[in-house]
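Structural overview
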Amino acid sequence: MAEAFANELIKKENLVYEKTKVLTDKTLSYCPGCGHGTAHRIIMEVIDEMGVQSETIGIAPVGCSVLAYEFMNIDMQQAAHGRAPAIATALKRLMPKKYIFTYQGDGDLAAIGTAETIHACNRGEHFTIFFINNGIYGMTGGQMAPTTLPGMRTSTSPYGRDVQMMGNPLKITELVAQLPGAYYVTRQAVHTPSNVRKTKRAVRKAFELQQSAVGISLIEIVSNCNSGWKMTPRQANTWMEENMFPFYPLGDIKVDGELVKK
Amino acid sequence: MKELRLMKGNEAIAEAAIRAGADAYFGYPITPQSEVLEYLMSEKPHERTGMVVLQAESEIAAINMVYGGAAAGRRVMTSSSSPGISLKQEGISYLAGSQLPGLILNVTRGGPGLGTIQPSQADYFQATKGGGHGDYKLLVLAPSSVQEMADFAKLGFELAFKYRNPVMILSDGMIGQMMEKVEMFPQQARLTEEEIIKKYPWVTTGKTPDRERNIITSLILDPAEQERHNFRLQKKYKDMQENEVRFETFDCDDAEYLFVAFGSTARICQKSVQLARKKGIKVGLLRPITLFPFPSKIIEKLAHQVKGILSVEMNAGQMVEDVRLAVGGDIKVDHFGRMGGIIPMPDEIVTALKNKIIGG
Ligand SMILES: Cc1ncc(C[n+]2csc(CCOP(=O)(O)OP(=O)(O)O)c2C)c(N)n1
Ligand code: SF4
């Protein structure tokens, strides 16, 4: 009965959505509900829509998305922890016509890789950085990240982040936006359909900018880590809206080389 | 017609890199090797050949830039001196693990720590035994003249791509800084992207419809697969040991004693051989040109001929361990070295031979 119904439905004329071929068929290794998978999909869809699969090279970080190359059906390199922007610098300078991006977590980009991030941005390299900010070290089991909120509990801040002792969270995206080499800096999310649409537009804009060689584009995606936060996916999304977004407000920070006035 | 130039070692290798068709150089200033970056910047190689030259924010960034370019099949070089080479070790291990070619020059200075800016050979262990984490080897070339600084840039790139493995040129502050006559080879064209893709099918230059995507990574989580990967790496190092050993001998035919020395120390030892022979001591010199693969077989052979071997190094005794392994214990092997940036004098080496090997 159910099978007959399914066969009835699965017809070409009923097709409304198809997984892009720029994603592989491999099952995602991310926890159910994690934003990494959605972020991957959006970026690969844009590459598909722009028809630039054969001209795009991605750099995977060390973090939960270390295996991004298993899912992204493009040429990819796996970087040492934090070093992706240095790798991308060389690639883009050697192949200026290609589309080059890094995909990095907050620990990768804003702790161990801070120097590589800031200097690539300051030099105005013409590639794109996708920065997945989930406020925690997902891969290693939920330790404190540079972006962990004040008071937030992690395995290395078990009583909550004490800013007197552990320092304040680093708003590296705002910091990078101050640099003359940064051309387009925006903060987005991927937990609702409308946010997905906005993020996708941002991804497309960033990729298109690469051909005009105007400077770096950085898209921060504030995301959840339900495993690290020890919440269900739904709780995590609510917690993200209530706690992460006030601290990391969504929206454009720098557009066409100009800081957006708030 | 021969093109003869008078150049510093650091300048010669920079010029040779351009001529060897290098696609990029990434570096960070440190004495005694800053002339490499300075020379390249002044030469405007982007105008000469299209070569990319960039001063990176650190040695860490520079070696990762090498990684990025190498993964796209480009001939990429970096250079530094001891403290900076220490910083590069993580990246070098990643290059080895991901099987990427790359050329790394160490114009060694005395250490440990910030040490001194004077010449040293104290990074022998670091260069030949791994340096970074994991089981890997670099192919290590040890120039002993400005000419070899130039020639090894070309050879280094060739070997790096032949084995898909990083190559290190282990020089020192003396070779880097001294000026000598050097014969420059003619400009070699850089490969086009089409040529690169044809020659090196593994490169990440963009997944075209005719092939699967290429992935450059050192991450293999499955232990059985990781072990297989390690076996493949070990096989490569064995191939290097069989095919790439390079050395030079001086006055070894009738030698009763032997100096083993590399780089600038080998040049000093040539003088020591002359001094000793004037005094009637029949000593020869073996100069390893590749430090890995180490010329063990020739040392083993000479060990049957001579009565004792002195390994002369500007360190506390590093290469001597490889000499001892090659000899196997039948004859006396000892070490003489100066440290901290002090260059040994030819006569003190002869005295050391007398005291440590002949008299001892
Ligand atoms: C040099 C080095 N130091 C530490 C680690 C261990 N490590 C792996 S992932 C990671 C943190 C990743 O966190 P993040 O970048 O926020 O990414 P997420 O997993 O949250 O997506 C750390 C510390 C490593 N692999 N290499
Ligand atoms: S640990 Fe966190 S970041 Fe990693 S996959 Fe799970 S939810 Fe996502």
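Residues numbered from 1 in each chain as written. Chains lettered and ligands numbered in written order. Predicted model: local features only at pLDDT ≥ 70, side-chain atom pairs only at ≥ 80, totals over all residues. Heavy atoms only, no water.

**Examining the sheet that holds strand 10 (residues 247-250) of chain B**
Residues and elements named next belong to chain B. Selection criterion: The criterion for strand pairing is that DSSP finds at least two bridges linking the strands in question. What counts as a helix is a DSSP run of H or I of at least four residues, what counts as a strand is a run of E of at least two, and both are numbered from the N terminus. Angles here are taken between N-to-C directions and fall from 0 to 180 degrees, while the axes themselves are lines fitted to C-alpha atoms, restricted in helices to the stretch in contact. When checking whether two residues touch, look at their non-hydrogen atoms; a contact exists if any pair is within 4.5 Å.
Spatially, 10-12-11-14-15 is the arrangement adopted by the five strands of the open sheet, whose pairing is mixed. Where the open sheet ends on each side, the last strands, each with one partner, are strand 10 and strand 15 (332-337). For this sheet the average axis-to-axis angle between neighbouring strands, irrespective of direction, equals 20°. Two elements, strand 11 (residues 257-260) and strand 12 (residues 283-288), share four bridges in a ladder whose sense is parallel. The residue of strand 12 that forms the bridge with valine 260 is leucine 286. In the packing of helix 14 (residues 346-358) onto the sheet, contacts are made with strand 11, strand 12, strand 14 (308-313) and strand 15, and the angle to strand 15 comes to roughly 150°.

**Description of the domain arrangement of chain B**
Residues and elements named next belong to chain B. Rules: Domains are outlined according to an automatic or database domain assignment. Throughout, buried area stands for the accessible area (probe radius 1.4 Å) lost by two parts on being put together, summed over both. By definition here, a salt bridge exists when the distance from a side-chain nitrogen of Lys or Arg to a carboxyl oxygen of Asp or Glu is within 4 Å.
Examined at the domain level, chain B breaks down into domain 1 (4-193) and domain 2 (247-358). Between the C-alpha centres of domain 1 and domain 2 there is a distance of 27 Å. Taken together, the contact pairs 28 residues of domain 1 with 27 residues of domain 2. Both faces considered, domain 1 and domain 2 share a buried interface measuring about 2200 Å² in area, 57% of it formed by carbon and sulfur atoms. Considering only the surface of domain 1 that becomes buried against domain 2, Gln121, Tyr124 and Phe125 emerge as the three largest contributors, covering 32% of it. Where domain 1 packs against domain 2, one counts three salt bridges.

**Describing the layout of surface pockets**
Residues and elements named next belong to chain B. Operational definition: A pocket, in this scheme, is an open set of points on a 1 Å grid over the protein atoms alone with protein on both sides within 12 Å along at least 5 of 7 lines, while a cavity is a set where a 1.4 Å probe fits but cannot get out; residues line either one if an atom lies within 4 Å of a point. Grid points are joined across faces, edges and corners, and a volume is the space filled by probe spheres set on the points. In this count, Pro and Cys sit with the nonpolar residues alongside Ala, Val, Leu, Ile, Met, Phe, Trp and Tyr, while Asp, Glu, Lys and Arg are called charged and the others, Gly among them, polar.
Counted as a void, the largest pocket has a volume near 440 Å³. Looking at the largest pocket, it is lined by 19 residues, and the ones nearest its centre are Gln241, Pro293, Phe294, Pro295 and Ser296. Looking at the lining of the largest pocket, the elements that each hand over two or more residues are helix 10 (223-243), strand 13 (290-292), helix 12 (296-303) and helix 13 (319-327). Among the elements that line the lining of the largest pocket, the one with the most residues is helix 12, at four residues. Across the lining of the largest pocket, the residue classes tally to ten nonpolar, three polar and six charged. Looking at which domains feed residues into the lining of the largest pocket, each of domain 1 (4-193) and domain 2 (247-358) supplies at least three. Residue lining of the second largest pocket: 18 residues in total, with Ser93, Gly97, His133, Ser218 and Gln226 positioned closest to the centre. Elements supplying a minimum of two residues to the lining of the second largest pocket: helix 5 (82-97) and helix 10. For the lining of the second largest pocket, the residue count by class is eight nonpolar, nine polar and one charged.

**Notes on the pattern of salt bridges**
As a reminder, the rule being used: Buried, partly exposed and exposed residues are distinguished by accessible area as a fraction of the type maximum, computed with a 1.4 Å probe on protein chains only: under 20%, between the cut-offs, and over 50%, respectively.
The full count for this structure, using the stated rule, is 39 salt bridges over all chains. Residues arginine 211 of chain B and aspartate 75 of chain A are paired through a salt bridge, measuring 2.6 Å at the closest nitrogen-oxygen approach. Of this pair, arginine 211 of chain B sits in the loop between helix 9 (193-199) and strand 9 (215-216) while aspartate 75 of chain A is found in strand 2 (residues 75-78), placing the two residues in two different chains. The same class applies to arginine 211 of chain B as to aspartate 75 of chain A, namely buried.

**Some details on the site of ligand 1**
This is how the line gets drawn: Residue proximity to a molecule or strand is established when one non-hydrogen atom of the residue lies within 4 Å of it. We call two N or O atoms a polar contact when they sit within 3.5 Å, provided that within protein one can donate a hydrogen and the other can accept it, with sequence-adjacent residues counted only if both atoms are side-chain atoms. Per-residue accessibility takes into account occlusion by the displayed protein chains alone, with areas from the Shrake-Rupley method and a 1.4 Å probe.
In the vicinity of ligand 1 lie 17 residues, with Cys64, Asp106, Asp108, Gly138 and Met139 of chain A positioned nearest. The local environment of ligand 1 is shared, drawing residues from chains A and B. In this structure, an oxygen atom belonging to ligand 1 sits 2.9 Å away from a side-chain N or O atom of histidine 36 of chain A. Residue methionine 139 of chain A places a main-chain N or O atom 2.9 Å away from an oxygen atom belonging to ligand 1. Burial of ligand 1 by the protein amounts to 76% of the accessible area it has alone, namely 590 Å². Counting only elements with at least two residues in the shell around ligand 1, the list comes to helix 5 (106-112) and strand 5 (136-137) of chain A. The element that contributes the greatest number of residues to the shell around ligand 1 is helix 5 of chain A, accounting for four residues. Its residues assigned to classes, the shell around ligand 1 comprises six nonpolar, eight polar and three charged.

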